Amino acid sequence: MDWTLEVAFLPVTDVDRAKDFYTRIGFHPDHDQSPSDNIRFVQMTPLGSACSIAFGKGIVDGAGPNVGTLMLCVSDINAARAQLIAAGVDASEVDVQPWGHFVYFDDPDGNHWNVQYLPYRYEG
């Protein structure tokens, strides 16, 4: 039996601001539905990912930010950082570690993200 992670839910304070932020950094807006006045469900997926994020009104109870960190994996850490910077994101410098290279950033609500590049996957 396969167990797949499909969606990670994020707390946000402003749904439109969050949707704009994730659109600017390259996430695809899959759904934006309001089945009632108390619920708005937004689902967005990073390019090439099988897992999405979801946020909205009446979706995640409690205030943010996310208590954990979410991770995106890329094949070119410098290009990923450049894309984030071009989108107006306050992304860290590239953090080179023996096990991988990382860039860190937060969304407007303080949800933490790591961008990971693993050289052994892409270098001969």
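Residues numbered from 1 in each chain as written. Predicted model: local features only at pLDDT ≥ 70, side-chain atom pairs only at ≥ 80, totals over all residues. Heavy atoms only, no water.

Per an unreviewed UniProt entry, the protein chain goes by the name Glyoxalase and belongs to Gordonia mangrovi.

Draft legend 1. Quick look at the layout of surface pockets. Size it by volume and the largest pocket reaches roughly 550 Å³. Around the largest pocket, the lining is made up of 25 residues, and of these F27, P46, L72, C73 and V74 lie nearest the centre. Partitioning the lining of the largest pocket into residue classes produces 18 nonpolar, six polar and one charged. (1 Å grid on protein atoms, 1.4 Å probe; cavity = no way out; pocket = protein on both sides within 12 Å on 5 of 7 lines; lining within 4 Å. Points joined across faces, edges and corners; volume = space filled by probe spheres on them. Nonpolar A, V, L, I, M, F, W, Y, C, P; charged D, E, K, R; others polar.)

Draft legend 2. Broad picture of the pairing of strand 2 (residues 27-36). With seven bridges joining them, strand 2 and strand 3 (residues 39-46) adopt antiparallel strand pairing. Residue pairing across strands places H31 opposite Q43, the latter belonging to strand 3. Linking strand 2 to strand 3, which pair antiparallel, is a turn of two residues. (Pairing = 2+ DSSP bridges. Helix = DSSP H or I, 4+ residues; strand = E, 2+ residues; numbered from the N terminus.)

Draft legend 3. The domain arrangement of the protein chain, seen in detail. Assigned domains within the protein chain: domain 1 (1-60) and domain 2 (68-123). Centre-to-centre, using C-alpha coordinates, domain 1 lies 20 Å away from domain 2. Contacts between domain 1 and domain 2 engage 15 residues on the former and 14 residues on the latter. With both chains or domains summed, domain 1 and domain 2 bury close to 1,100 Å², and 64% of this area falls on carbon and sulfur atoms. Its salt-bridge partner being R17, residue D109 comes within 3.0 Å of it at the nearest N-O pair. Across the domain 1-domain 2 interface, the total number found is seven residue pairs in polar contact (both at pLDDT 80 or more). At four residues, helix 1 (residues 15-24) tops the list of elements feeding residues into the side of domain 1 that touches domain 2. The residue makeup of the side of domain 1 that touches domain 2, split by class, is ten nonpolar, two polar and three charged. (Domains from an automatic or database assignment. Contact = heavy atoms within 4.5 Å. Buried area = accessible area lost by both parts, 1.4 Å probe. Salt bridge = Lys/Arg side-chain N within 4 Å of Asp/Glu carboxyl O. Polar contact = N/O pair within 3.5 Å; in protein donor to acceptor, adjacent residues only side chain to side chain.)

Draft legend 4. Layout of the nonpolar core. Residues Y22, I25, F55, F105 and W113 are the most contacted members of the largest nonpolar core, which totals 27 residues. Top contributing element to this core by residue count: helix 1, with four residues. (Core = buried A, V, L, I, M, F, W, Y, C linked by side-chain atoms within 4.5 Å. Buried < 20%, exposed > 50% of the residue type's maximum accessible area, 1.4 Å probe, protein only.)

Draft legend 5. Looking closely at the pattern of salt bridges. Applying the stated rule across the entire model yields six salt bridges. A salt bridge links K19 to D32; its shortest N-O distance comes to 2.8 Å. Within this pair, whereas K19 is found in helix 1, its partner D32 is found in strand 2, the two being separated by 13 residues in sequence. You can call D32 partly exposed: its relative accessible area is 28%. A cluster of three or more residues bridged by salt bridges with shared partners is formed by D16, K19, D32 and R40.

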